[in-house]
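Read off the chains here:
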Amino acid sequence: MLVDTSDCIGCKACEVACKQWNQNEARINQEPGTYQSHPDLDAQTWTIIKFIEQDDKSGMSQWLMQKHNCMHCTEAGCVTACPTDALQYSDYGVVTLDKQACIGCAYCEPACPFDAIHVDKSAWGQTAQKAGKCTLCFDRISNAMQPACVSTCPTDCIKYGDRAELIKWAYARVEQLKAMGYENANVYGDKELGGLHELYVLLESPETYGLPVNPTLSKRLTFWKYGLQPIGKALLGTAVFGMVINWLAARKTFKGGHPPHHEPGAEMHD
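Parameters and conventions
Residues numbered from 1 in each chain as written. Predicted model: local features only at pLDDT ≥ 70, side-chain atom pairs only at ≥ 80, totals over all residues. Heavy atoms only, no water. Helix = DSSP H or I, 4+ residues; strand = E, 2+ residues; numbered from the N terminus. Buried < 20%, exposed > 50% of the residue type's maximum accessible area, 1.4 Å probe, protein only. Contact = heavy atoms within 4.5 Å. Areas by Shrake-Rupley, 256 points an atom, 1.4 Å probe, with all protein chains shown as cover. Salt bridge = Lys/Arg side-chain N within 4 Å of Asp/Glu carboxyl O. Phe/Tyr/Trp six-rings, centres within 6.5 Å; stacked < 30°, edge-to-face > 60°. Lys NZ or Arg CZ within 6 Å of the ring centre and 35° of its normal. pLDDT = per-residue confidence, 0-100. Pairing = 2+ DSSP bridges. Axes fitted to C-alpha atoms, helices over the stretch in contact; angles between N-to-C directions.

1. Thoughts on the overall build of the chain
- The helix and strand tally for the chain stands at eight helices and ten strands.
- Expressed as a percentage of its 270 residues, the buried residues of the chain come to 46%.
- In the chain, 58% of the contacts between residues at least 6 apart in sequence involve partners at least 24 apart.
- Only carbon and sulfur atoms are counted for the fraction: they give 54% of the accessible area of the chain, which is about 14,100 Å².

2. Focus on the pattern of salt bridges
- Applying the stated rule across the entire model yields four salt bridges.
- A salt bridge links Lys159 to Asp156; its shortest N-O distance comes to 3.2 Å.
- Given the relative accessible area of 46%, Asp156 is considered partly exposed.
- Among the ionic pairs, Asp190 bridges to Lys191, the shortest N-O distance being 3.0 Å.
- A residue is classified by how much of its surface remains accessible, and Asp190, at 14% relative accessible area, is buried.
- Given the relative accessible area of 63%, Lys191 is considered exposed.
- Three or more residues are tied together by salt bridges with common partners; here these are Asp4, Asp7 and Arg173.

3. Things to note about helix H1 (residues 13-22)
- Buried residues of H1: Cys14, Glu15, Ala17, Cys18 and Lys19, and no others.
- Where H1 terminates, the next one or two residues include Gln23, which has phi positive at roughly 55°.

4. Points about the packing of aromatic side chains
- Counted by the stated rule, this structure contains four aromatic pairs.
- Their ring planes at 55° and their centres at 6.1 Å tell us that Tyr35 and Phe51 sit as a pair that is tilted. Remark: Phe51 occurs in strand E2 (residues 48-55) and Tyr35 occurs in the loop between H1 and E2; sequence separation between them is 16 residues.
- A residue is classified by how much of its surface remains accessible, and Tyr35, at 53% relative accessible area, is exposed.
- Counting every residue linked through ring pairs, the aromatic cluster contains Tyr35, Phe51 and Trp63.
- The cationic tip of Arg140 hangs over the ring face of Trp21; the distance from NZ or CZ to the ring centre is 4.6 Å.
- Between Lys159 and the ring centre of Trp169, over which it is positioned, the NZ or CZ distance is 4.8 Å.

5. Regarding the confidence of the model for the chain
- In this model, the chain carries a mean pLDDT of 85, and residues with pLDDT of at least 70 account for 78%.
- Low confidence marks residues 253-270, where pLDDT is under 50. Its contacts with residues over four positions away, or in another chain, come to 16 contacts.

6. Examining the side chain of Gln44
- Turning to its location among the elements, Gln44 is positioned in the loop between H1 and E2.
- Apart from residues lying up to four places away in sequence, Gln44 is in contact with Lys19, Asn24, Glu25, Arg27 and Asp120.

7. Some points on the environment of Gly195
- Residue placement: Gly195 occurs in the loop between strand E9 (186-188) and strand E10 (199-202).
- With 122 residues separating them along the chain, Gly195 and Cys73 place their C-alpha atoms 6.3 Å apart.
- If we skip the residues at most four places from it in the chain, Gly195 touches His72, Cys73, Thr74, Arg163, Gly189 and Asp190.

8. Side note on the pairing of strand E3 (residues 61-68)
- The pairing of E2 with E3 spans eight bridges and is classified as antiparallel. Bridge pairing in E3 places Asp55 opposite Ser61.
- Here E2 folds back onto E3 in antiparallel fashion, the turn holding five residues, of which Gly59 has a positive phi close to 90°.

9. Some remarks on the sheet that holds strand E8 (residues 158-159)
- Pairing within the open sheet is mixed, and its four strands lie in the order E8-E1-E10-E9. Two strands bound the open sheet, and with one partner strand each, they are E8 and E9.
- Sheet topology places E9 next to E10; three bridges connect them, and they run antiparallel. Residue Tyr188 lies in a different strand from E10, and its bridge partner there is Tyr200.
- Contacts between helix H6 (residues 163-179) and the sheet are confined to strand E1 (2-4), E8, E9 and E10, with E10 contributing the most and set at about 5° to the helix.

What follows is the structure, encoded as structure tokens:
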């Protein structure tokens, strides 16, 4: 997928299409002082349009828009952090999430440099806490359909297709934008983390949009995935290892206060 931010008009049609197709709960949480509908992504909100206000060279205020969702990294921190292999690399460059295997440990959250995956902590006491993120509409693209956000975009600023062709188009578009006076125009996602499968044509530098300039996976995270996890599963067995991780995650959730929906006055013992 490629998003040409220069053609985005901030209509949020992609947000609505994502909610409708994936049957995610509508959670309206308006960001104060902006046109942005949600302050951040969450387990039920997989796509948002970010609104960034800044002054241009003449001192006039301008809005920059950015469609934000999972970047489907070739070297994904969430896949590396997941202790149950609920997150995996799949066809079409998609990072898939198996919610049946997800134990809600939330180790994927800090491992993602784009803050694009979250555990639904509001589900406590009702259903199991599970992670949620953009799937690149894997169920659609595996049936020769475009992602829902692509099919609904009125300006065609969201494109889906062969990655190499999209990258070629993106660099040509950047040259067009620079000729139009956007001297900071650039391509983001070509090389980052082994190459992202959510690419951008940006009008300004990546940090202007809150995107990390040189995202990397920590050595500790890599050692956890390919060093400690295999040892733990070999010694304890996969099922027991998963139970231990789940117990540790539960303690982390309780630490510092009550879980969501805890009834006032009810006792809770460690």
